[in-house]
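# A structural walkthrough
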Amino acid sequence: MWGASCARGATSSAGWPGMRAIATDVTHGPWNWLAGQRTTPLDALGNWANIEPRSGRVLASIPMSGPQEVDRAVTTAQAAFPAWSRLSGTERGRFLSAAALKMREHLEDIARLDVIDNGKPIWEARLDMETVIGSLEYYGALAASFNGQHVRMPDGSFALVTREPYGVVGGVGAWNYPLQTCTWKAAPALACGNTFVYKPSQFTPITAVILGEILKEVGVPDGVFNVIQGDGSTGALLTQHPGCSKLSFTGSVPTGIKIMQAGAVGVRNVTLELGGKSPLIVFDDANLKNAVKGALMANFLTQGEVCSNGTRVFVQKGIYGKFLHEFVNQAQKMKAGDPLAEDTTIGATINEEHAQKVLGFIERAKKEGVTVECGGERIQLESELANGYYLSPCIITNCTDTMEIAREEVFGSVACVFPFETEDEVIRRANDTPFGLAGGVFTNDLTRAHRVINALEAGTCWINTFNLAPSEVPFGGVKMSGIGRENGTVAMEFYSQMKTIYVEMNDVDCGLLYQD
Ligand code: NAD
């Protein structure tokens, strides 16, 4: 997902002039970030081999934090909470704004780290960094003006409604936008006065720690932002820890349900950013070139590993043939290569298991009788990249709405294109899914665009574009795609709770209860 300005090897600190105290070695830890420094966990549930998707090489063996370490992280964040929450919004915002500037100074280096961790093309990683910086800038600016309410009551009495931080926010993230996911949670959480413990996906552990180093560099007090590494077991320990007063999760629906169950114990507030199977609807009158660009953005960024992807592309019959021809033509022009190379448009899938999962969906779809118009195959690159996980972008037709490929989230470069005839028909088919993350429509008829978007059961919609997610506008889903929103002013509400204070300015009137 990108900001509005455009569509969503080891480096050493020696190569980073002017950047103090920020380690960028992707092969040596420690990998946790507690109390303002890299730390080795007190206990571990085992070690995780962190693999570089572009080459398949093992970068590092990372200890997965155990119960003692998770407890230490939450306790550290609890200890930092009183002082951090007592600062004014202006003071907290100043730190976030400074972090945004620091990030921009090192945008290129940190983008490269995201590529090494995730496998996406470098030009995309740079745009992701813009959304990271945008989030820090936006919540840095917003922190000062996030105020409560004053409500007049009779005879000069009044009520105040204040917004209070929760305390420690426990965050858990997915691997497709490693630093973006972390920052989209941390920036509003910190702006509101919470402290934060984040567990990145075990597949992308590198850059969340860099955010810790950047925040320290600009003076954020130790313990305000913390990172613990590990897989789902560490995530479960964190989200079940009673010291986390608020949970924020980005990942799949099945894990989201577990996080919500963990939150239910202790009746804790949850933000859930989950999966999707979103529709992209192209009407006959759409600008063909823009619609194809939209479909490419809706399916083939970051190897198709994008939650909001419009993987069900509904195209009206009159434009279907031309659209499909150009969509396939463009997909076939995409270039697999080193994700660190400037001209690469097909990067590496996150790991072998996920590549097999994507290919498995395609194989089963073929057995159900679909037509594969292009792609869906393993791409073998050479030398250093020979063991990376590269797949060609796949476009499928002749599939029905009920087939597995049309209903399940593949989370890979696989688009299904369906013809349709009428507006009513396409709205019914678009909404026939338990997911509700996103949706889009391409048409030059303004009233139809709004009528259709109005009818879509989706939290985030686009008209004549797709997959933009600037910091200023809320992002999130309905139905099984989530609860709550990230980005926009509304995220401040999700990272704070309301306190109502009634102030009596007169003698207490308690009716007959009190007799003089
Ligand atoms: P996942 O659910 O497998 O894992 C997400 C995170 O949860 C990881 O850090 C994992 O270690 C952790 N985890 C696993 N089990 C846990 C448990 N029991 N308790 C606590 N934490 C646990 O998802 P993934 O494969 O990492 O990411 C892909 C999914 O994320 C897709 O469904 C995608 O659509 C979704 N996603 C959604 C958004 C959004 O904003 N809506 C953004 C990115 C990704």
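Our subject is the structure that appears above.
Note that the structure is a prediction, hence the values are computed from the model and not measured.

### Side note on the overall build of the protein chain
What the protein chain contains, in helices and strands, is 15 helices and 22 strands. Accessible surface for the protein chain amounts to roughly 20,100 Å². Of this, 54% is attributable to carbon and sulfur atoms. Within the protein chain, one finds 43 positive and 55 negative side-chain charges whose respective centroids are separated by 2 Å.

### Considerations on the sheet that holds strand β22 (residues 496–503)
Read across the open sheet, the three strands follow the order β5-β6-β22; overall the sheet is antiparallel. Each edge of the open sheet is held by one strand with a lone partner, namely β5 (149–152) and β22. Across the sheet, the mean angle separating the axes of adjacent strands is 20 degrees when strand polarity is ignored. In terms of strand pairing, β5 meets strand β6 (residues 158–165) through four bridges, oriented antiparallel. Paired with Gln149 across the two strands is Val161, which belongs to β6.

### Describing the site of the ligand
Taken together, 29 residues surround the ligand, and among them Gly173, Ser252, Thr255, Leu274 and Glu409 come closest. In this structure, Ala236 approaches the ligand through a main-chain N or O atom, which is 3.4 Å from a nitrogen atom. Contact distances for the ligand include 2.7 Å between a nitrogen atom and a backbone N or O atom of Leu274. Within the complex, 87% of the 850 Å² of free accessible area of the ligand lies under protein. It is helix α7 (residues 232–240) that contributes the most residues to the shell around the ligand, four residues altogether. Residue composition of the shell around the ligand, by class: twelve nonpolar, twelve polar and five charged.

### Here's the deal with unusual backbone geometry
Look at the link from Gly29 to Pro30: it is a cis peptide, with omega at 0 degrees. By the element assignment, Pro30 lies in the segment before β1 (32–34). In this structure, Val267 takes a positive phi of about 45 degrees despite not being glycine. Structurally, Val267 is set in the loop between α8 (253–264) and β11 (269–273). Positive phi outside glycine occurs at Asn398, with the angle close to 55 degrees. Checked against the element boundaries, Asn398 lands in the loop between β17 (394–397) and α12 (404–407).

### Quick notes on the pattern of salt bridges
The full count for this structure, using the stated rule, is 25 salt bridges. Put simply, Glu404 and Arg364 hold a salt bridge, and the shortest N to O gap is 3.0 Å. A residue pair is termed long-range when its members are at least 10 positions apart, and Glu404 in helix α12 and Arg364 in helix α11 (residues 352–367) qualify at 40 residues. Among the charged side chains, a network of salt bridges with common partners joins Glu52, Arg54, Arg57, Asp338 and Glu384.

### Some thoughts on the environment of Lys317
Looking at the secondary structure, you find Lys317 in helix α10 (residues 317–333). Look past the residues within four positions of Lys317 in its chain and what remains in contact with it is Asp284, Pro419, Phe420 and Glu421. Within the structure, Lys317 has its side chain in polar contact with the side chain of Glu421 (distance 2.8 Å).

### Thoughts on the pairing of strand β10 (residues 244–250)
Burial analysis of β10 places six of its seven residues in the buried class, which makes it a mostly covered element. Across five bridges, the pairing between strand β7 (residues 168–172) and β10 is parallel. Residue pairing across strands places Val168 opposite Cys244, the latter belonging to β10. Both β10 and β11 contribute to a ladder of five bridges, which runs parallel. Across the sheet, Ser248 pairs through a bridge with Thr271, a residue of β11.

### Describing helix α3 (residues 107–118)
In this model α3 runs 16 Å from its N-terminal to its C-terminal C-alpha over twelve residues, within 8% of the 16 Å that 1.5 Å per residue would give. By the criterion of burial, α3 is predominantly enclosed, with ten of the twelve residues buried. Taken together, the buried positions of α3 are occupied by Leu107, Asp109, Ile110, Ala111, Leu113, Asp114, Val115, Ile116, Asp117 and Asn118. Phi for Gly119, located one or two positions after α3, is positive at around 95 degrees.

### Brief notes about the sheet that holds β17
Taken in spatial order, the seven strands make up an open sheet running β14-β17-β18-β13-β12-β19-β20, and their pairing is mixed. Unpaired on one side and paired on the other, β14 (371–374) and β20 (460–463) mark the two borders of the sheet. With strand direction ignored, the average angle separating the axes of adjacent strands in the sheet is 20 degrees. In terms of strand pairing, strand β12 (residues 279–282) meets strand β13 (residues 312–316) through four bridges, oriented parallel. In the strand pairing of β13, Leu280 is matched with Val313. Across the face of the sheet, helix α14 (residues 446–455) comes into contact with β12, β13, β19 (438–442) and β20 while running at roughly 165 degrees to β20.

### Focus on a negative patch on the surface
Together, Asp155, Glu504, Asp507 and Asp509 give the surface a local cluster of negative charge. By secondary structure assignment, the location of Asp155 is in the loop between β5 and β6.

### What to know about the nonpolar core
When a protein is soluble and globular, its nonpolar side chains tend to lie buried together. Grouped together as the largest cluster of nonpolar side chains are 56 residues, with contacts concentrated most on Met103, Leu136, Tyr139, Phe196, Leu211 and Phe225. At nine residues, helix α4 (residues 122–142) tops the list of elements feeding residues into this core. With near-sequence residues (within four places) excluded, Leu136 lies in contact with Leu96, Ser97, Ala99, Ala100, Met103, Thr183 and Ala187. Formed by 39 residues, the second largest nonpolar core is a distinct cluster that contains Leu280, Leu296, Ala298 and Phe442.

### Thoughts on the packing of aromatic side chains
Applying the stated criterion across every chain yields a total of twelve aromatic pairs. A centroid spacing of 5.9 Å and a plane angle of 15 degrees characterise the contact between Phe196 and Tyr198, whose relative ring orientation is stacked. For Phe196, a relative accessible area of 0% puts it in the buried group. Seen from their ring centres, Phe323 and Phe327 are 5.5 Å apart, and the 45 degrees between their planes marks the pair as tilted. Residue Phe323 and its partner Phe327 are both found in helix α10; the two are separated by four residues, about one turn of the helix. Neither residue differs from the other here; Phe323 and Phe327 are each classed as buried. Cluster of aromatic residues (ring-pair linked, three or more members): Phe196, Tyr198 and Phe225.

Cut-offs and rules
Residues numbered from 1 in each chain as written. Predicted model: local features only at pLDDT ≥ 70, side-chain atom pairs only at ≥ 80, totals over all residues. Heavy atoms only, no water. Helix = DSSP H or I, 4+ residues; strand = E, 2+ residues; numbered from the N terminus. Areas by Shrake-Rupley, 256 points an atom, 1.4 Å probe, with all protein chains shown as cover. Lys, Arg positive; Asp, Glu negative; His and termini not counted. Charge placed at Lys NZ, Arg CZ, Asp CG, Glu CD. Pairing = 2+ DSSP bridges. Axes fitted to C-alpha atoms, helices over the stretch in contact; angles between N-to-C directions. Near = heavy atom within 4 Å. Polar contact = N/O pair within 3.5 Å; in protein donor to acceptor, adjacent residues only side chain to side chain. Nonpolar A, V, L, I, M, F, W, Y, C, P; charged D, E, K, R; others polar. Salt bridge = Lys/Arg side-chain N within 4 Å of Asp/Glu carboxyl O. Contact = heavy atoms within 4.5 Å. Buried < 20%, exposed > 50% of the residue type's maximum accessible area, 1.4 Å probe, protein only. Expected span 1.5 Å × (residues − 1). Patch = residues over 30% accessible without salt bridge, like charges linked within 9 Å, V, L, I, M, F, W, Y side chains within 5 Å. Core = buried A, V, L, I, M, F, W, Y, C linked by side-chain atoms within 4.5 Å. Phe/Tyr/Trp six-rings, centres within 6.5 Å; stacked < 30°, edge-to-face > 60°.

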